[in-house]
Amino acid sequence: NAGVIQTPRHKVTGKGQEATLWCEPISGHSAVFWYRQTIVQGLEFLTYFRNQAPIDDSGMPKERFSAQMPNQSHSTLKIQSTQPQDSAVYLCASSLEGQGETLYFGSGTRLTVL
Amino acid sequence: GQQVQQSPTSLVLQEGENAELQCNFSTSLNSMQWFYQRPGGSLISVFYNPSGTKQSGRLTSTTVIKERRSSLHISSSQITDSGTYLCAMALNVGDNSKLIWGLGTSLVVNP
């Protein structure tokens, strides 16, 4: 079991460019979560899928952020027109069911927007 | 304001000393969890502890829901315990999607 895999580990974009972050959850896990982590704000919930269906995206900035889960084996988080304030570590986590189950996190993607 | 307050913000110990990390919540909660994060590493679940006391090796977690607090006790600290410890509360029972996180306690254990 390789755990939750996130790619790339680091991404640097210029202001206004697009960034796509990838997450491969643990095989067999039906729930996938995206979080953003900064020193100032700590961890912030972004969005949540269960069995590939979007369940809750209440944490997603509405205009430039989107997330998809086209199949069981991967999810993507896309940020259009990146801004310096988007700089953060983006964490993906998966769990068996999403309700009361242990969360398993990936190592994150550190996004730096210049 | 921050709904989850962790203290201390940082802690430096000599190997072998004990540590007590605190987590206080400003709102009612249904359950909470402790996580550990090594610099540049993944978050690892340490305890899922809705209430009461749980122990795993040198780590003990005690949650008192009515008092809106939880603590993580590390006994006989080791260098490998160094890292950041985060607590997170769930507003709804067992609902991982609504976890509210503290900013963490950074622990350094020196030889």
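Shown above is the structure to which this text applies.
Okay, so let's go over this structure.

Cut-offs and rules
- Residues numbered from 1 in each chain as written.
- Chains lettered and ligands numbered in written order.
- Predicted model: local features only at pLDDT ≥ 70, side-chain atom pairs only at ≥ 80, totals over all residues.
- Heavy atoms only, no water.
- Helix = DSSP H or I, 4+ residues; strand = E, 2+ residues; numbered from the N terminus.
- Buried < 20%, exposed > 50% of the residue type's maximum accessible area, 1.4 Å probe, protein only.
- Pairing = 2+ DSSP bridges.
- Axes fitted to C-alpha atoms, helices over the stretch in contact; angles between N-to-C directions.
- 1 Å grid on protein atoms, 1.4 Å probe; cavity = no way out; pocket = protein on both sides within 12 Å on 5 of 7 lines; lining within 4 Å.
- Points joined across faces, edges and corners; volume = space filled by probe spheres on them.
- Nonpolar A, V, L, I, M, F, W, Y, C, P; charged D, E, K, R; others polar.
- Contact = heavy atoms within 4.5 Å.

Examining unusual backbone geometry
Link 1 in the chain: Put simply, Thr7 of chain A and Pro8 of chain A share a cis peptide bond, and its omega is -10 degrees.
Link 2 in the chain: With respect to the helices and strands, the residue Pro8 of chain A is situated in the loop between strand 1 (5-7) and strand 2 (10-13).
Link 3 in the chain: Residue Pro8 of chain B follows Ser7 of chain B across a cis peptide bond; omega there is -10 degrees.
Link 4 in the chain: Residue position: Pro8 of chain B is located in the loop between strand 1 (4-7) and strand 2 (10-14).
Link 5 in the chain: In this structure, Asn51 of chain A takes a positive phi of about 50 degrees despite not being glycine.
Link 6 in the chain: Counting through the fold element by element, Asn51 of chain A comes out in the loop between strand 5 (42-50) and strand 6 (53-56).
Link 7 in the chain: When its relative accessible area of 57% is taken as the criterion, Asn51 of chain A is described as exposed.
Link 8 in the chain: The backbone of Gln52 of chain A sits at a positive phi, close to 75 degrees, despite the residue not being glycine.
Link 9 in the chain: With respect to the helices and strands, Gln52 of chain A occurs in the loop between strand 5 and strand 6.

Description of the sheet that holds strand 6 (residues 52-56) of chain B
Note on sheets: strands pair through backbone hydrogen bonds, and any given pair is parallel or antiparallel.
All names here are of chain B.
Link 1 in the chain: Taken in spatial order, the 5 strands make up an open sheet running 1-3-8-7-6, and their pairing is antiparallel. Single-partner strands in this sheet number two, and they are strand 1 and strand 6. Mean inter-strand twist for the sheet, computed between neighbouring axes without regard to direction, equals 15 degrees.
Link 2 in the chain: With 4 bridges connecting them, strand 1 and strand 3 (residues 19-25) associate as antiparallel partners. Looking at the pairing, Val4 lines up with Phe25 of strand 3.

Here we look at the environment of Gln78 of chain B
All names here are of chain B.
Link 1 in the chain: Checked against the element boundaries, Gln78 lands in the loop between strand 8 (69-74) and strand 9 (83-90).
Link 2 in the chain: Relative accessible area serves as the criterion here: at 35%, Gln78 is assigned to the partly exposed category.
Link 3 in the chain: C-alpha of Gln78 to C-alpha of Ser31: the two residues are 47 residues apart in sequence and 28 Å apart in space.

Examining the layout of surface pockets
Link 1 in the chain: Size it by volume and the largest pocket reaches roughly 520 Å³.
Link 2 in the chain: The wall of the largest pocket is formed by 21 residues, among which Gln37, Ile39, Val89 and Arg110 of chain A together with Gln37 of chain B lie closest to the centre.
Link 3 in the chain: For the lining of the largest pocket, the elements supplying multiple residues, two or more each, are strand 4 (31-38), strand 9 (88-95) and strand 11 (109-113) of chain A together with strand 9 of chain B.
Link 4 in the chain: The dominant element in the lining of the largest pocket, judged by the number of residues it contributes, is strand 9 of chain A, at 3 residues.
Link 5 in the chain: Here the residues of the lining of the largest pocket sort into 7 nonpolar, 11 polar and 3 charged.

Thoughts on the environment of Leu21 of chain B
Residues and elements named next belong to chain B.
Link 1 in the chain: With respect to the helices and strands, Leu21 occurs in strand 3.
Link 2 in the chain: Residues Leu21 and Gly104 lie 83 residues apart in sequence; the distance between their C-alpha atoms is 9.5 Å.
Link 3 in the chain: Each residue touching Leu21, except ones within four places of it in the same chain, is listed here: Ser7, Pro8, Leu11, Trp34, Ser70, Ser71, Leu72, Tyr85 and Thr105.

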